[in-house]
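The lines below spell out each chain.
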Amino acid sequence: MQHSHAGHGGDAAVPPPRWVAALDGVLGPLIEIPAALLVVAEIIVLMAGVVSRYVLHRPIVWSDELASILFLWLAMLGAVVAFRRGEHMRMTALTGMAAPATRAFLDVVAVAAPLAFLAMIVGPALEFAEEEAFITTPALDLANSWRAAALPVGCLLMLAVGALRLLKVADWRHTVGALALVAAVAGGFWALEPLFRGLGNLNLLVFFVGLVAVGVLAGVPIAFAFGLATFGYLALTTHTPLLVLVGRMDEGMSHLILLSVPLFVFLGLLIEMTGMAAAMVSFLASLLGHVRGGLSYVLVGAMYLVSGISGSKAADMAAVAPVLFPEMKARGAKPGDLVALLSATGAQTETIPPSLVLITLGSVTGVSISALFTGGMLPGVVLAVTLCAVVWWRYRNEDLSNVRRATGSEIGRKFLIALPALALPFVIRAAVVEGVATATEVSTIGIVYSVLAGLLIYRRFDWSRLGPMLVDTASLSGAILLIIGAATGMAWALTQSGFSGQLAGAMAALPGGAVMFMAVSIVAFIILGSVLEGIPAIVLFGPLLFPIARQMGIHDVHFAMVVILSMGVGLFAPPFGVGYYAACAISRIHPDEGMKPIIGYILALIVGLIVVAAVPWISIGFLG
């Protein structure tokens, strides 16, 4: 996703003091090594749970409990790693257009604003951890504060890392200016507390529309923009103890089903490293390479298959693009069209299990994960067909005079090589649907399968890449989970204010019943997906809208597919969608080049989305 890199702009760079670099060099490994080890520990604990239950028929009673304790530590340390590297998700579409000096200043604000939130939340987080000491876990008989301590420790480490990042900024005037601006805004809000107390629900506009919009558009990482708005709302307009906010964030980040987030992220990196993704792409290319626009069809098909293994869109795109793009460019494809199609396939494959968005939606709305996994397959096919129609039109006059058609024996050989990789999505689905493993545990089966395939079949396993891959996994997972935590806190504050009830009433009273409700939901989620990123949009509005959809007689899984695809269209559509910029970063293609070609693909996605919304059977026909 779009990442922040504060401190890489401004006037002639002044190297930071030696002690700052030295301290950062010591602190980095102290955070990254435990974070990487926690990813390994999660894989081992969950795999042990599957083996003990299904092979030895002796379930380990405490495995879920231990996994849950380790998981919160992994989420918080991962968030620290992401903060140190500047990898928390943020919207940089507007800041990217600013003058270099302004952009450099806003990059520093993107570090200073999170520091303000962390400084305010660390006290309530400590208080929350102390309160949790009175609760003991049933199986391990440990005080719950062992788990809850991850929150204040993570906040303190992020404060330390953020302070070092500010000290490393090239132009000290930017640092002073950013800190002064954040302090002035915070002080101004504090001074206006008596006014806010009398505003009632108008405060929702001030904090959750105004403050969030200004923060997100100015490039403040989304998780911290949500956190600042929620903290300000609760502190200045209600009498709610602030440790309740920490409790809500903890609850949002600690859903057992979310344990699969880091593991599917790691699985995505693994299939790329072991050559499994390349084998799949190579087989598809031998089948379709000689057809006009053939490699574009391969891109659509490869993204569909790879999405059935990894849960992370960035990992999917990184696995497919480097394998296909050089050959496509050699055949005369324009870079802009490549990145446009890659971005569009990112949106098209959002519902393919084990998508992280499906898992998150199931965790916040209570919809069955295996029903979502079953319902997500066909909507992706419908959108693939509409995208392929655009590809056919664009490439109908492609010159194939110098393209050699693969022989039957070549196709057969490539199929055999790709077979272990092609089987993996089916192994993952079968394990969940047949009840061999839960959606949380199934990722460990995929990881063990991929490691064995890499070592024994493909003979490609670069041990030196394993450490960095584990750290990358922790970083991306920490960024995702912190957003889920912050969005959960914000959703709870919105519910407490009575806004949810008012929204439900307004949506239910729309003329045109279910059809109008569905249309409004599509438009709303396209906008939310484009401005907020996918997962926070779902965590915030999923719990509010699903009960209304049920009242309207819309099936949960059908509504889930429509919401996820709408959000995907927004997420991968320029100028705001961060997914589009991620596709550009992975392809190393300038965003401007894809702006025009992507319009046709986005229109094709919207046509497919309308078909999925209009025909419920596509989403629920195979639920049985």
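Placed above this text is the structure.
What you see is a predicted model, and the numbers here were worked out from it, not measured in a lab.

Undergrad: Even after reading the chapter, I still don't get the overall build of the chain, so can you show me in this structure?
TA: Regarding its fold elements, the chain presents 29 helices and 0 strands. Over its C-alpha atoms the chain spans a radius of gyration of 24 Å, differing by no more than 12% from the 25 Å that the globule rule assigns to 624 residues. Taken along the three principal axes of its C-alpha coordinates, the chain extends 75 × 60 × 55 Å. When each of the 624 residues of the chain is scored for burial, the buried share is 57%. In the chain, the share of contacts with a sequence separation of at least 24, taken over all contacts with a separation of at least 6, comes to 82%.

Undergrad: What should I look at first to understand the nonpolar core in this one?
TA: Across soluble globular proteins, nonpolar side chains show a tendency to be buried alongside one another. L324, F325, L545 and F559 are the most contacted members of the largest nonpolar core, which has 217 residues in total. When residues of this core are assigned to their parent elements, the largest contribution, 17 residues, is made by helix α21 (residues 466-496). Not counting chain neighbours up to four residues away, the residues in contact with F325 comprise L299, L338, V339, L342, S587 and I589.

Undergrad: What is the right way to read the packing of aromatic side chains from this model?
TA: Two measures describe an aromatic ring pair: the distance that separates the ring centres and the angle between the ring planes. Evaluation of the coordinates by the stated rule reveals 14 aromatic pairs. Ring plane angle 50° and centroid distance 5.5 Å describe the contact between W617 and F622, whose orientation is recorded as tilted. Residue W617 shares its accessibility class with F622, and that shared class is exposed. These aromatic residues form a ring-pair network of at least three members: F189, F196, F207, F208 and Y233. Between the NZ or CZ atom of R165 and the centre of the ring of F83, over which it lies, the distance is 5.5 Å. Sitting over the face of the ring of W393, R396 holds its NZ or CZ atom 3.6 Å from the ring centroid.

Undergrad: How should a nonpolar patch on the surface be read in this particular structure?
TA: Together, V448, L452, L455, L456, I457 and W463 give the surface a local cluster of nonpolar side chains, amounting to about 580 Å² of exposed area. With respect to the secondary-structure elements, L456 resides in helix α20 (residues 442-457). Accessibility expressed as a relative area gives 57% for L456, which makes it exposed.

Undergrad: So what exactly am I meant to see when it comes to the pattern of salt bridges here?
TA: Pairs can form between side chains of opposite charge whenever their charged atoms are close. Following the criterion strictly, the structure yields 14 salt bridges and no others. Its salt-bridge partner being R173, residue D171 comes within 3.1 Å of it at the nearest N-O pair. Connected via shared salt-bridge partners are D24, E32, R84, R85, E87, K168 and D472.

Undergrad: Would you mind showing me how to read the environment of R165 here?
TA: Along the chain, the position of R165 falls in helix α5 (residues 150-167). Judged by relative accessible area, which is 10%, R165 ranks as buried. With 143 residues separating them in the primary sequence, R165 and G308 have C-alpha atoms 38 Å apart.

Undergrad: For this particular structure, what's the right way to read empty space enclosed by the protein?
TA: To find the voids left in a structure, one rolls a probe of water-molecule size over its atoms. Enumeration according to the criterion identifies 3 cavities of 30 Å³ or more in this entry. Space inside the second largest cavity adds up to approximately 100 Å³. Lining the second largest cavity are M76, F117, L118, I121, A125, L151, C155, M158, F224, V246, M249 and L482. At the level of elements, α3 (100-132), α5 and α10 (243-253) are the ones that each hand at least two residues to the lining of the second largest cavity.

Undergrad: Help me understand helix α2 (residues 63-85) in this model?
TA: Each α-helix winds once per 3.6 residues, and so residues spaced three or four apart point in a common direction. Counted at 1.5 Å a residue, the expected span for α2 with its 23 residues is 33 Å, and the 32 Å between its end C-alpha atoms agrees. Buried residues dominate α2, accounting for 18 of its 23 residues. Backbone geometry just downstream of α2 places G86 in the positive-phi region, at approximately 70°.

Undergrad: Mind showing me how you'd approach unusual backbone geometry here?
TA: Residues other than glycine predominantly adopt negative phi, and peptide bonds predominantly adopt the trans conformation. For H57, which is not a glycine, the phi torsion comes out positive at approximately 55°. Assessed through its relative accessible area of 63%, H57 is described here as exposed. Here D141, not a glycine, exhibits a phi torsion of approximately 55°, which is positive.

Analysis parameters
- Residues numbered from 1 in each chain as written.
- Predicted model: local features only at pLDDT ≥ 70, side-chain atom pairs only at ≥ 80, totals over all residues.
- Heavy atoms only, no water.
- Helix = DSSP H or I, 4+ residues; strand = E, 2+ residues; numbered from the N terminus.
- Rg over C-alpha atoms; globule rule 2.2 N^0.38 Å.
- Buried < 20%, exposed > 50% of the residue type's maximum accessible area, 1.4 Å probe, protein only.
- Contact = heavy atoms within 4.5 Å.
- Core = buried A, V, L, I, M, F, W, Y, C linked by side-chain atoms within 4.5 Å.
- Phe/Tyr/Trp six-rings, centres within 6.5 Å; stacked < 30°, edge-to-face > 60°.
- Lys NZ or Arg CZ within 6 Å of the ring centre and 35° of its normal.
- Patch = residues over 30% accessible without salt bridge, like charges linked within 9 Å, V, L, I, M, F, W, Y side chains within 5 Å.
- Areas by Shrake-Rupley, 256 points an atom, 1.4 Å probe, with all protein chains shown as cover.
- Salt bridge = Lys/Arg side-chain N within 4 Å of Asp/Glu carboxyl O.
- 1 Å grid on protein atoms, 1.4 Å probe; cavity = no way out; pocket = protein on both sides within 12 Å on 5 of 7 lines; lining within 4 Å.
- Points joined across faces, edges and corners; volume = space filled by probe spheres on them.
- Expected span 1.5 Å × (residues − 1).

That's the geometry; what it means functionally is another story.
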